[in-house]
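The residues making up each chain are set out below.
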Amino acid sequence: MINSNSIWLHWHGHIEVVLGLGALQLAYLYFTGPYRKRKYPDVPNSPYRSLLFTLGNLMIFLSISSPIHVLSDDFLFSVHMFQHVVITLLSPPLLILGTPKWLISPLFDQKITLKIFKIVFHPLITLVFFNFIFSVWHLPVLYELSVKFHWVHVFEHLLFMFAAIMMWWPLCSQIKQIPQLPYPLQMVYLFLMSLAQIIVFGIVTFARQPIYQHYIQAERIFGISPLLDQQIGGIIMKVGSGFMFLFLIVLAFYKWYDQETNKK
């Protein structure tokens, strides 16, 4: 375990993170650069999309490799919840919006793959799958495994990101084969998402005793008790997602209003 005095200087250099995210970024730059110029010479470059994708990738790197990771693993449950907010709510929509539709549309052209993707990205499937994955990994037995064993933690985060890409697809899709939900359905989808984590939030936030042994035994920093740390984590989990979903509901409403107004 890292000493609390050296937290802010400790950066994780896990080879799988550096190689994985580095390869992802290099592949993106290649396909949107030399590959695009050769195969799609009429398609202009989009610095805006490149910025979104790079920012999403950088967020994952910082949340997993910076001192945030040390704080979340060895000291504070609340920082672990912030880490989960980053890799499930902030980074995935940036990655989707930053990926040009001309680049991924061929993946959906085959009938078999299209049928599979229509199931994978069906709003009911994505809503249930994401919240099931998020909830089950916060059961104490699995949570303890994830913070004690590195490869379990890696698997957990990969599963979180996969489930988050699924969850965000009905809201951020840019391809015609499996498009975004209509704005009224987006509002319903977001409302259900905002309700889905209430059980986990309630258990974590209103428990009378800390439920994660790992953080009970952890060195205390910033004068935060294990129970207060757990309560802050629950609030980060719910308030972070709640404000985001509320903002998106309002945004979808105004886009729907503009759409209907322009039809008249």
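Each remark here, short or long, concerns the structure printed above.
Now for a quick tour of the structure. (Residues numbered from 1 in each chain as written. Predicted model: local features only at pLDDT ≥ 70, side-chain atom pairs only at ≥ 80, totals over all residues. Heavy atoms only, no water.)

### Quick word on the overall build of the protein
Here is the rule we go by: Only runs of H or I of at least four residues qualify as helices and only runs of E of at least two qualify as strands under DSSP, and these elements are numbered from the N terminus. Both definitions apply: the radius of gyration is a C-alpha atom measure, and the globule rule equals 2.2 Å times residues to the power 0.38. Burial classes: relative accessible area under 20% of the type maximum marks a residue as buried, over 50% as exposed, and values in between as partly exposed (1.4 Å probe, protein chains only). Only four residue types enter the charge count: Lys and Arg as positive, Asp and Glu as negative, with His and the chain ends excluded. Throughout, a charge is located at the NZ atom of Lys, the CZ atom of Arg, the CG atom of Asp or the CD atom of Glu.
Counting secondary structure elements, the protein contains 14 helices and zero strands. Each helix and strand of the protein, ordered N terminal to C terminal, gives the series α-α-α-α-α-α-α-α-α-α-α-α-α-α. Relative to the globule expectation of 18 Å for 264 residues, the C-alpha radius of gyration of the protein, 20 Å, shows essentially globular dimensions. For the protein, the proportion of its 264 residues judged to be buried stands at 45%. If you average the places of the 17 positive and of the 11 negative side-chain charges in the protein, the two averages end up 15 Å apart.

### A few points about the layout of surface pockets
To keep things clear, this is the line we draw: Residues are said to line a cavity or pocket when one of their atoms sits within 4 Å of a point; the points come from a 1 Å grid over protein atoms alone, cavities being sets where a 1.4 Å probe fits but cannot get out and pockets being open sets with protein on both sides within 12 Å along at least five of seven lines. Grid points are joined across faces, edges and corners, and a volume is the space filled by probe spheres set on the points. Charged means Asp, Glu, Lys or Arg here, nonpolar means Ala, Val, Leu, Ile, Met, Phe, Trp, Tyr, Cys or Pro, and polar covers whatever is left, Gly included.
If you add up the space inside the largest pocket, you get close to 740 Å³. The wall of the largest pocket is formed by 32 residues, among which Leu21, Leu24, Ile60, Leu95 and Met161 lie closest to the centre. When residues of the lining of the largest pocket are traced back to their parent elements, those giving at least two are helix 1 (15–32), helix 3 (47–65), helix 5 (77–97), helix 6 (101–104), helix 7 (111–120) and helix 10 (150–172). Examining the composition of the lining of the largest pocket, we find that nine residues originate from one element, helix 10, more than from any other. For the lining of the largest pocket, the per-class residue count stands at 24 nonpolar, seven polar and one charged. Quantified by volume, the second largest pocket comes out at close to 360 Å³. Forming the walls of the second largest pocket are 18 residues, and the residues nearest its centre are Leu97, Trp168, Cys172, Leu248 and Leu251. Where the lining of the second largest pocket is concerned, the elements lending two or more residues are helix 5, helix 10, helix 11 (183–196) and helix 14 (226–263). No other element matches helix 14, which puts six residues into the lining of the second largest pocket. Broken down by class, the residue content of the lining of the second largest pocket amounts to 15 nonpolar, two polar and one charged.

### Considering the packing of aromatic side chains
Short version of the rule: Centres within 6.5 Å are what make two rings of Phe, Tyr or Trp a pair, Trp counting through its six-membered ring; a difference in plane orientation under 30 degrees is then read as stacked, over 60 as edge-to-face, and the rest as tilted.
A complete count under the given rule lists 22 aromatic pairs for this structure. Residues phenylalanine 31 and tyrosine 35 carry aromatic rings whose centres are separated by 5.0 Å and whose planes lie at 75 degrees to one another, so their mutual orientation is edge-to-face. Accessibility expressed as a relative area gives 31% for phenylalanine 31, which makes it partly exposed. Centroid distance tyrosine 143 to tyrosine 212: 4.4 Å. Interplanar angle 35 degrees. Geometry classified as tilted. Of this pair, tyrosine 143 sits in helix 9 (residues 140–148) while tyrosine 212 sits in the loop between helix 12 (198–206) and helix 13 (213–216), placing them 69 residues apart in sequence. Neither tyrosine 143 nor tyrosine 212 differs from the other in exposure class; each is buried. Three or more aromatic residues link up through ring pairs in this structure, and these residues are Tyr30, Phe31, Tyr35, Tyr40 and Trp102.

### Regarding the environment of tyrosine 212
Just so we agree on the cut-off: Working rule for contacts: check all heavy atoms of both residues, and any pair within 4.5 Å makes them a contact.
Under the relative-accessibility criterion, tyrosine 212 is labelled buried at 2%. With 15 residues separating them in the primary sequence, tyrosine 212 and leucine 227 have C-alpha atoms 9.6 Å apart. Not counting residues within four places of it along the chain, the set of residues in contact with tyrosine 212 comprises Phe77, His138, Leu139, Pro140, Tyr143, Glu144, Val204 and Gln230.

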